[in-house]
Each structure stands twice: as structure tokens, then as C-alpha cells.
Amino acid sequence: MEINPVKGTHDIIGGEANLYSMIEHTAMQVASCYGYKEIRTPIIEHTPLFLRSVGESSDIVNKEMYTFEDKGGRSITLRPELTAGIMRSIVTNKLYANTDLPLKFFYLGPCFRYERPQAGRYRQFNQFGVESVGNPSFFQDAEVIALGYRVLETIGLGEVRVLINSLGDEESRTAYKEALRKYFSKHIDKMCSDCKRRLEVNPLRILDCKVPEDIEIVKGAPKMTDYLSPASKAYLESVIGILKSIGIETEIDSTLVRGLDYYTGVVFEYHLPKIEGVDNIGALGAGGHYANLLAEVGGPSYEGIGLAFGIERLAYVIKTVHEFDTNFGIDVYLMGMNDSIIEKNFALADMLRGSGFSVESNYEVKSMGSLFKTANRKKAKFAIIVGEDEVAKKEVAVKNLKTQEQTLVKLEDLENVLHSLLNAYYASEYESPKEE
Ligand code: HAM
């Protein structure tokens, strides 16, 4: 009997995996340019880590965690995000003792949330993110938001909207929560059972409610921006101003509160503008400032700021909006028409791969016509044809499969010639618009 994949999971294959790698490498490269170093933390953590950080009032903790008891009777959770684990790691490894603050990390890896699968929403998905801890400054907030924007720009998604808001300092948040309590108390009888609980635990969470009738009530709720203390307002304005000075426009969205409990201060999300034929998949990435998170998991009270992108969402957008061709093809298909040449080609392919070319060759005797078909299917840029004559003369025929031009090349020159031919090939691709 066929075994189906687990609901909400997906296989990432071939060209699609290439696209993921391209996104991940670009993101890592950009983060490195900002001085962030890689960190890898475990996929499983003790459940209380997430209760304390992501928070008991969040949907993630309440409804979405993959939690199980291990054979030793401990409560273990598959991480729903990486920020909490990184704070735990900073404490475990006493990284906070480093005098060179802030600690700046980037990370990449799978996360698990038991959500209803839909476009852009999986139960196992991948995040790329960064955290900067131990240097509270609006420059630091601006740096992280800019880094995220530059990642998007570099992978071709510079048209994103950057939404920003502030949850304010303790004083602003307390006043705002009180205002929300007062407002929602008048409507709570008509609201969903989740909102009834949220009103008790954390009224901010009501603002994220997805129930259509509740959304209407939420529209009339007080706005966070009206409750910001002068200091919080000035901080937010500084972040916005610095980003503007480097050409990054932000839009204040006073309803943006984010669904994780650890945020304080500035929060932000990257969204794609509405595009015909493209599903609304939610935020491409998001993050915010957290003043108390490290202390909540047992460390010193260093503030931090971070963000995370959903790689699945970025890949979806690049594929659908930019019609990204995920079939990259190979540089060379090496063709041999008899057993002895096939054997010689095995060594030639090995040599060319060693020089960095992507090469495949045939292992079974086939006709020239059938080998050309294979080369085209594999999207090879060049075919190298090796026949008895060529072997005798120590040369090969190199055929450009786009222009059909064929050149005889001495074996000793092959590597150099291939480099120039490929450079010319890419240059012509760049200049001439794609043929219909
Ligand atoms: P988050 O908003 O929960 O924040 O997730 C960040 C991003 O992960 C989202 O914007 C989205 O692109 C992606 N994502 C979330 N859930 C799913 C899903 N079910 N399927 C596919 N993609 C998804 C955090 O996780 C915070 N840790 C971000 C952060 C880092 N804040 C500070 N530092």
C-alpha cells in the first residue's frame, strides 16, 4: 500500500531544490555582509522553552505545537521557530559573556506548526532568519530590517512593502492593553471562544483573530499608535528615518502586533503587493524587537531584534511572479557511440567535473540521434561528441546546442575552450531576449 506524505509536508525536488539553495545562499551571503555568523540549534527543545518565550497566549503554543513525550517521559517540542532555541543556546553556551556585543547570528532550518495547510502555509516549512542580541539601538533595529529588505531585493523581490509598527515600552503596552480590554469587553459576548480566552490572557492577540465577524469588531478597536509613549514614538520614527535615508520606504500599520508574545517595541513584516494570479500567502518574512526574551530563558537582560523569512513563500513568489525556470540544465553532455569511447568518456567527464563543469555522459551504446535527444532533455548547453577519428587525433567535437555550431577542439585545449564557449553562451543569453 502506498504511504502518503504527512499532511502539510512537501518534497522539494530537483530544480525546485536549486531555487531553495539559491535563496538560502543569497540570504546567507547578505547576512554575512552585515557581520552575522551562522548558528545551528537542535530541532527538538524542551517544551517549556516555547511556553516561556513564544508565549502561552500565542496560537503557536496553544494550537500549533508538535509536542510529545520522549521515552524518558520528558515533554519535547519540534521547534515552531528558531528564535527561542537561539536564546537558549546563548544561555547554555554562555555566549553572553562575550564582550563584543551584539551577538549576531543567522540561521536556516525546518520548523513545525500544526496549522491548516493552505497556499504558503505548511506544517513543516523552512525559515531563514537573523538575531542580533545585546546592543539596543534604533540603528540595530534598522540594520535588521534593512538586511531583510536587501535579501529580498537580491533575490529579485525588491517590490515588497515593509510594514512597521511599535508595541511600545512597558508603559505604552500596559495602557494599550487596558484600552483594548475596555473596548472588547463590550463586544466579547459576540466573539469566538478563542477571543474570550485571549481577552483574559492577552487582549493584543484578539487583533490577530481570523474569524470574519470578529475582524469587523477588531476594525473599531483602539490603535496602538495612539498609546505610544513619546520615547517609543521617537524610537519608531528614528528607525523609519534611518531606513528612508538608505532608500527603504516603510508603511506604518497600527494593527500590526505579531502573533508571538516576546515582542516589545518595533515589529515589522514584509509583504508582496497584491498581484493578479498570485495567492495571498501572508507575510514573506517578519520580525521585531524583544527586550525580555533572553532574561525569560535564564540569561542576562540583553535586548534583541531579529527576523525570519519563510523559504517556501519566497520560492513560491519567485516561481509564480518571476516565472523562474527551475530547470537549470547542465553545461555539457558527453556522447560516446561505442563501449571503448564510453569508457574513455568516463575519465574525460571526471576531469571536466574537476574543473567545475557540470557534465553527464551516456553509459549505454545509443544512436547519435537518441543521444542528442537526451542532451536536449537535460538542457545541456554543449554536446561533446567523441568518435574513433577524434580519439585518434586526440580531439573532440564541441557542439553548441542552441546555435548548432560545431567546433573541433584539441583535448589539451578543451578546458580553456569550454570556459570561453560557456562565457560566450551566457553573454548571448543575456543580450538576446528569449525566443518564443
Ligand atoms: P513568524 O511570523 O511566526 O515569526 O514567522 C516568520 C515567517 O515564517 C513568516 O513571515 C512566514 O514567511 C514563515 N512561516 C510562518 N509559518 C509558516 C507556515 N506554516 N508555512 C510556511 N511559512 C511559514 C517568527 O517565527 C519569529 N521567530 C521571527 C523573529 C525572529 N522574530 C525575531 N526574530
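Residues numbered from 1 in each chain as written. Predicted model: local features only at pLDDT ≥ 70, side-chain atom pairs only at ≥ 80, totals over all residues. Heavy atoms only, no water.

### Quick word on a nonpolar patch on the surface
Our working rule: Patches here: salt-bridge-free residues with over 30% relative accessible area, like charges joined within 9 Å, nonpolar side chains (Val, Leu, Ile, Met, Phe, Trp, Tyr) joined within 5 Å. Surface accessibility follows the Shrake-Rupley procedure with a 1.4 Å probe radius. Residue values consider only the protein chains on display as shielding. Here a salt bridge means any side-chain nitrogen of Lys or Arg lying within 4 Å of a carboxyl oxygen belonging to Asp or Glu. Helix numbers and strand numbers start at the N terminus; a helix is a DSSP run of H or I with at least 4 residues, a strand a run of E with at least 2.
Taken together, the side chains of Ile 43, Ile 44 and Phe 68 present a nonpolar region at the surface, about 250 Å² in accessible area. Tracing the sequence through the fold places Ile 44 in strand E2 (residues 44-46).

### A few points about helix H4 (residues 83-92)
Rule in force here: Only protein chains enter the accessibility calculation, which uses a 1.4 Å probe. A residue is then buried if its area is under 20% of the maximum for its type, exposed if over 50%, and partly exposed in between.
Of all 10 residues in H4, 8 are buried, a share of seventy percent or more. All of the buried residues in H4 are Thr 83, Ala 84, Gly 85, Ile 86, Met 87, Ser 89, Ile 90 and Val 91. Two residues or fewer past H4, Lys 94 is found with a positive phi of approximately 50°.

### Regarding the pattern of salt bridges
Under the criterion given, the structure shown has 19 salt bridges. One salt bridge in this structure joins Lys 319 and Glu 16, with 2.9 Å as the shortest N-O distance. Here Lys 319 is found in helix H11 (residues 311-321), whereas its partner Glu 16 is found in helix H1 (residues 15-33), with 303 residues between them in sequence. Overall, Lys 319 belongs to the partly exposed group, its relative accessible area being 30%. Its salt-bridge partner being Glu 38, residue Arg 40 comes within 3.0 Å of it at the nearest N-O pair. The exposure class assigned to Arg 40 is exposed, which follows from its relative accessible area of 71%.

### So, the site of the ligand
What counts here: Residues are labelled near a given molecule or strand when at least one of their non-hydrogen atoms is within 4 Å of it. Polar contacts, as used here, are pairs of N or O atoms within 3.5 Å; protein pairs need one atom able to donate a hydrogen and one able to accept it. Residues neighboring in sequence count only if both atoms are side-chain atoms. Basically, the charged four are Asp, Glu, Lys and Arg, the nonpolar ten are Ala, Val, Leu, Ile, Met, Phe, Trp, Tyr, Cys and Pro, and anything else, Gly included, counts as polar.
Near the ligand there are 27 residues, and of these Glu 81, Glu 115, Tyr 122, Arg 258 and Tyr 263 occur at the shortest range. For the ligand, an oxygen atom lies 2.9 Å from a polar atom in the side chain of Arg 113. Within the side chain of Gln 127, one N or O atom sits 3.0 Å away from an oxygen atom of the ligand. Looking at the shell around the ligand, the elements that each hand over two or more residues are strand E6 (124-133), strand E10 (285-290) and strand E11 (304-310). With 5 residues, the top contributor of residues to the shell around the ligand is E10. Among the residues making up the shell around the ligand, the classes are represented as 12 nonpolar, 8 polar and 7 charged.

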